[in-house]
Amino acid sequence: MDPVDLLERIAATLRHDVGPAVGADYPRTQAYMASVVLGKLAGELRAQPAHSRAATAEADALYADLQAAARAGELPRAVVGAVEAAARERSDAHLGRLIEQLYAHRDALGVVRFAALLGRIRQALKARLARELEYSA
Amino acid sequence: MNAPAADDTTRIRDYLAARLPGARDLSLANMQQIAVGWSHETFLFDASWREGGETRAQGFCLRRDPGNALLRELSDLGEQFRVLECLAPTPLPTPRPYWYEDDPAILGRPFLVMEKVPGECPNPWGREGRAYYAAAAARGVLPASFTDALATMHSLDWRAAGLDFLGVPGPGRDFALREIAKWRNFIEATGAAVHPILTDLMCWLEANAPACDRLTLVHGAYRTGNVLIDDDRISAVLDWELQVIGDPMYDVAYVLSDLNREGTELLSNVVERETFFERYEAATGIAIDEDVCHYYHLLYAMRSAAFWMSASDLYARGASADLRLARTAWSVPVVLERAARELGY
């Protein structure tokens with residue numbers, strides 16, 4: 001049996017068979033919550049291959065755009081460094097540091113460039129969030 | 001509600017007997033352990049005894065630190081007890097505090113004992129609770145009492161009450177920046193990866209922190225579900241875990257938030273917006289600043305993300321076996337989606 005199918009099956013058993021048979025409030029809630037958690041895990045695992053492909057393509061496009069912006073304009077050195085590090089490492093921590101650098105150098109960037117760079121990152125994050133909400137909401 | 005373990009009941013009775021040395025034939029009745037809330041264990045019971053030839057009776061509420069509570073780092077029971085002591089002589093309805101014990105030899109972990117205040121506290125997220133608040137709103141007394149209690153809190157002389165031990169923000173933007181720093185530390189303590197949208201939100205909050213020119217006692221979670229109601233009036237403001245000295249708009253924003261109502265336009269399920277504005281402003285002399293409240297809605301999004309990250313971390317590292325905490329890992333994106341919309345994503 002496919003592991004994801006198995007998780008969903010267990011979640012359904014907990015919700016429809018185990019939970020209703022439990023008399024006390026707390027363990028019944030726990031059975032229901034176990035069902036919810038396993039259901040969400042199953043959803044996350046089922047979506048993972050497609051989401052992973054989308055995330056890679058999106059990151060390629062995002063960092064290409066940011067690196068192009070870094071090359072085209074006179075950006076503060078710390079911002080350029082953060083763009084390069086984020087493009088290289090592709091981690092949440094590095095993307096977070098880039099966002100922090102944009103805010104830290106907001107005055108030097110000016111309103112338009114700050115909004116353009118942060119807006120491009122937000123565009124990618126919005127797409128990522130939409131994927132995460134497929135199994136979180 | 002559940003019946004507590006027999007061992008707990010015996011130990012509570014023995015403790016009370018020690019605290020009431022003149023009491024004879026002490027007995028406890030109606031012992032209940034309330035099964036709501038993730039932060040502290042709460043026991044309600046009625047004690048009766050004979051003293052000086054008379055029969056006496058008193059209801060008590062005991063809160064015990066479960067050792068792995070959400071928010072434990074932010075507000076321990078000792079601080080809660082001290083806040084209740086400070087508030088006891090004020091006009092704000094709160095439970096009278098009796099004793100605080102940090103000796104784990106007594107009940108296993110620190111605990112406080114306070115007055116069992118008459119009243120009920122329906123869960124605003126359930127069908128029955130919503131019906132209760134809708135009916136109370138229609139009668140008109142509770143909306144006024146709910147608003148008045150907040151106005152009373154925001155009008156207290158908190159220095160005279162001795163509440164400055166909570167920490168007093170400096171002028172200008174200090175209050176908001178302190179709150180951001182507090183919740184940022186809370187997030188970092190989980191050790192979990194920070195979602196970049198949360199980073200964006202924290203940076204935005206720091207860049208746009210509003211100035212605050214009037215400091216009051218701020219409850220931090222003032223809504224139905226955190227107040228006791230008796231005969232349609234607030235008989236006690238509860239859940240003193242997030243209180244600070246700060247911007248009163250922080251509480252007002254919480255009341256205005258649509259996160260604290262369900263299936264109704266009534267603020268906190270109980271009061272019409274116009275009524276709340278008029279009554280609160282008249283009672284406090286404080287004009288409600290909706291722009292500032294909007295800012296605090298985003299700060300609450302950060303706080304919610306911090307709650308959920310901390311809760312799921314408690315489960316992940318084995319500090320709690322409560323699966324409700326495990327489930328909160330998936331609540332973070334839901335909170336961030338709301339914040340992202342507010343930020344203009």
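Within each chain, residues carry numbers counting from 1 in the order of the written sequence. For naming, the first written chain is A and the first written ligand is 1, with later ones following in the order written. Given that this is a predicted model, residues contribute local features only at a pLDDT of at least 70 and side-chain atom pairs are listed and counted only at 80 or more, while totals for whole chains, interfaces and linings are drawn from all residues. To get the side-chain values, take all heavy atoms of the structure and skip hydrogens and water.

Some points on the pairing of strand β5 (residues 111-115) of chain B
Residue and element names in this part refer to chain B.
Thinking step 1. Accessibility here uses a 1.4 Å probe with only protein chains present; expressed as a share of the type maximum, an area under 20% marks a residue as buried, one over 50% as exposed, and anything in between as partly exposed. In this text, helices come from DSSP runs of H or I with a minimum length of four residues, and strands from runs of E with a minimum of two, each type numbered from the N-terminal end. Counting buried positions along β5 yields four of five residues, so the element is predominantly enclosed.
Thinking step 2. Note that strand β3 (residues 54-64) and β5 share five bridges and pair antiparallel. Looking at the pairing, Phe60 lines up with Glu115 of β5.
Thinking step 3. Relative to β5, strand β4 (residues 97-101) is paired through four bridges, and the arrangement is antiparallel. The residue bridging Tyr100 from the neighbouring strand is Leu112, located in β5. What makes two strands pair is DSSP finding at least two bridges between them.

Topic: the nonpolar core
Thinking step 1. Only buried Ala, Val, Leu, Ile, Met, Phe, Trp, Tyr and Cys residues count toward a nonpolar core, and they belong to the same one when joined by side-chain atoms within 4.5 Å. If you look at the biggest cluster of nonpolar residues, it comprises 112 residues, and the most contacted ones within it are Leu98(A), Leu163(B), Tyr222(B), Phe276(B), Tyr296(B) and Met302(B).
Thinking step 2. Per-element tally for this core: the top contributor is helix α10 (residues 290-316) of chain B, with 13 residues.
Thinking step 3. By size, the runner-up hydrophobic cluster in this structure holds 17 residues, among which are Leu16(B), Met31(B), Phe43(B) and Leu62(B).

Some thoughts on α10(B)
Residues and elements named next belong to chain B.
Thinking step 1. Expected helix span is computed as 1.5 Å times (number of residues minus one). Taking 1.5 Å as the rise per residue, α10 with 27 residues should run 39 Å; its terminal C-alpha atoms sit 38 Å apart, in good agreement.
Thinking step 2. Most of α10 is tucked away: 20 of the 27 residues are buried.
Thinking step 3. The N-cap residue of α10 is Asp289: its side-chain oxygen and the backbone nitrogen of Asp291 are 3.0 Å apart. Counting of polar contacts relies on pairs of N or O atoms within 3.5 Å, with two restrictions inside protein: one atom must be capable of donating a hydrogen and the other of accepting it, and residues adjacent in sequence are counted only when both atoms are side-chain atoms.

Some thoughts on the interface of chain A and chain B
Size of an interface, as often reported, equals the accessible area lost when the parts are brought together.
Thinking step 1. Throughout, a residue-residue contact means that at least one pair of heavy atoms, one from each residue, lies within 4.5 Å. Taken together, the 28 residues of chain A in the interface contact 24 residues of chain B.
Thinking step 2. Note on terms: buried area is the combined drop in 1.4 Å-probe accessible area of two parts once they are placed together, counting the loss on both. When the two sides are added together, the surface that chain A and chain B hide from each other amounts to roughly 2,400 Å², 68% of it contributed by carbon and sulfur.
Thinking step 3. Interface area lost by chain A to chain B is led by Tyr103(A), Arg122(A) and Leu129(A), which between them contribute 23%.
Thinking step 4. For this analysis, a salt bridge means a side-chain nitrogen from Lys or Arg found within 4 Å of a carboxyl oxygen belonging to Asp or Glu. Where chain A touches chain B, the interface holds two salt bridges.
Thinking step 5. For the salt bridge of Arg184(B) with Glu100(A), the shortest nitrogen-to-oxygen distance reads 4.0 Å.
Thinking step 6. Put simply, chain A and chain B have seven residue pairs in polar contact (both at pLDDT 80 or more) between them.
Thinking step 7. Mapped by element, the contributors of at least two residues to the side of chain A that touches chain B are α2 (25-72), α4 (92-104) and α5 (106-136) of chain A.
Thinking step 8. Sorting elements by how many residues they give to the side of chain A that touches chain B places α5(A) first, with eleven residues.

Focus: helix α2 (residues 77-87) of chain B
Each α-helix winds once per 3.6 residues, and so residues spaced three or four apart point in a common direction.
All names here are of chain B.
Thinking step 1. In terms of residue burial, α2 counts as a mostly covered element, since eight of its eleven residues are buried.
Thinking step 2. Against the buried residues of α2 lie β3, β4, β5 and β6 (216-218).
Thinking step 3. One side-chain oxygen at the N-terminal end of α2 lies 3.1 Å from the backbone nitrogen of Gly78; it belongs to Asp76.

What to know about a nonpolar patch on the surface
All names here are of chain A.
Thinking step 1. Surface patches are defined over residues having more than 30% relative accessible area and no salt bridge, joining like charges when they lie within 9 Å and nonpolar side chains (Val, Leu, Ile, Met, Phe, Trp, Tyr) when within 5 Å. Accessible areas in this description were obtained via Shrake-Rupley with a 1.4 Å probe; residue shielding takes into account the shown protein chains only. A cluster of nonpolar side chains, Met1, Leu6 and Ile10, forms an exposed patch at the surface whose accessible area comes to about 300 Å².
Thinking step 2. Mapped onto the elements of the fold, Met1 is located in the segment before α1 (3-21).
Thinking step 3. Note on Met1: relative accessible area 68%, which makes it exposed.

Re the pattern of salt bridges
Pairing between side chains of opposite charge can happen when their charged atoms approach one another.
All names here are of chain A.
Thinking step 1. Following the criterion strictly, the structure yields 33 salt bridges over all chains and no others.
Thinking step 2. Note that Arg90 and Asp60 form a salt bridge whose closest N and O atoms lie 2.7 Å from each other. On the criterion of sequence distance, the pair formed by Arg90 in the loop between α3 (77-89) and α4 and Asp60 in helix α2 is long-range, its members being 30 residues apart.
Thinking step 3. A relative accessible area of 40% means that Arg90 is categorised as partly exposed.

Concerning the sheet that holds strand β1 (residues 24-34) of chain B
Residue and element names in this part refer to chain B.
Thinking step 1. An order of β1-β2-β3-β5-β4 is seen for the five strands of this open sheet, with the pairing classed as antiparallel. At either end of the open sheet lies a strand with only one pairing partner, and these are β1 and β4. With strand direction ignored, the average angle separating the axes of adjacent strands in the sheet is 20°.
Thinking step 2. Only the contacting stretch of a helix is used when fitting its axis, a line to C-alpha atoms as for every element, and angles between N-to-C directions run 0 to 180 degrees. Strand contacts of α2: β3, β4 and β5, with the helix running at about 155° to β4, the strand carrying the most contacts.

Examining the environment of Pro143(B)
Residue and element names in this part refer to chain B.
Thinking step 1. Considering the arrangement of structural elements, one finds Pro143 in helix α5 (residues 141-155).
Thinking step 2. Through-space distance from the C-alpha of Pro143 to that of Asp46 is 30 Å; in sequence the pair is 97 residues apart.
Thinking step 3. The residues contacting Pro143, other than those within four sequence positions of it, are Ala136, Ala137, Val270 and Val271.

A look at the pairing of strand β2 (residues 41-51) of chain B
Residue and element names in this part refer to chain B.
Thinking step 1. Summarising the sheet, β1 and β2 pair through seven bridges and their orientation is antiparallel. Following the sheet pairing, Arg24 is matched in β2 by Arg50.
Thinking step 2. As paired strands, β2 and β3 are joined by eleven bridges and run antiparallel to one another. For Leu44, the partnering residue across the bridge sits in β3 and is Cys61.

Examining the confidence of the model for chain B
Thinking step 1. Of all residues in chain B, 94% have pLDDT values of 70 or greater, and the mean over the chain is 93.
Thinking step 2. Across the assembled chains, the prediction reports ipTM 0.94 with pTM 0.93. Predictor confidence is given residue by residue as pLDDT, running from a minimum of 0 to a maximum of 100.

With respect to the domain arrangement of chain B
Residues and elements named next belong to chain B.
Thinking step 1. Those domain boundaries reflect an automatic or database domain assignment. Here chain B is described as being made up of domain 1 (6-115) and domain 2 (127-342).
Thinking step 2. In this complex, domain 1 contributes 24 residues to the contact, which on the side of domain 2 involves 33 residues.
Thinking step 3. Our count for the contact surface shared by domain 1 and domain 2 stands at two salt bridges.
Thinking step 4. A salt bridge links Asp239 to Arg63; the shortest N-O distance between them is 4.0 Å.
Thinking step 5. The greatest single-element share of the side of domain 1 that touches domain 2, amounting to seven residues, is contributed by α2.
Thinking step 6. Lys, Arg, Asp and Glu make up the charged group, whereas Ala, Val, Leu, Ile, Met, Phe, Trp, Tyr, Cys and Pro make up the nonpolar group; the residues left over, Gly among them, are polar. When its residues are assigned to classes, the side of domain 1 that touches domain 2 shows 13 nonpolar, seven polar and four charged.

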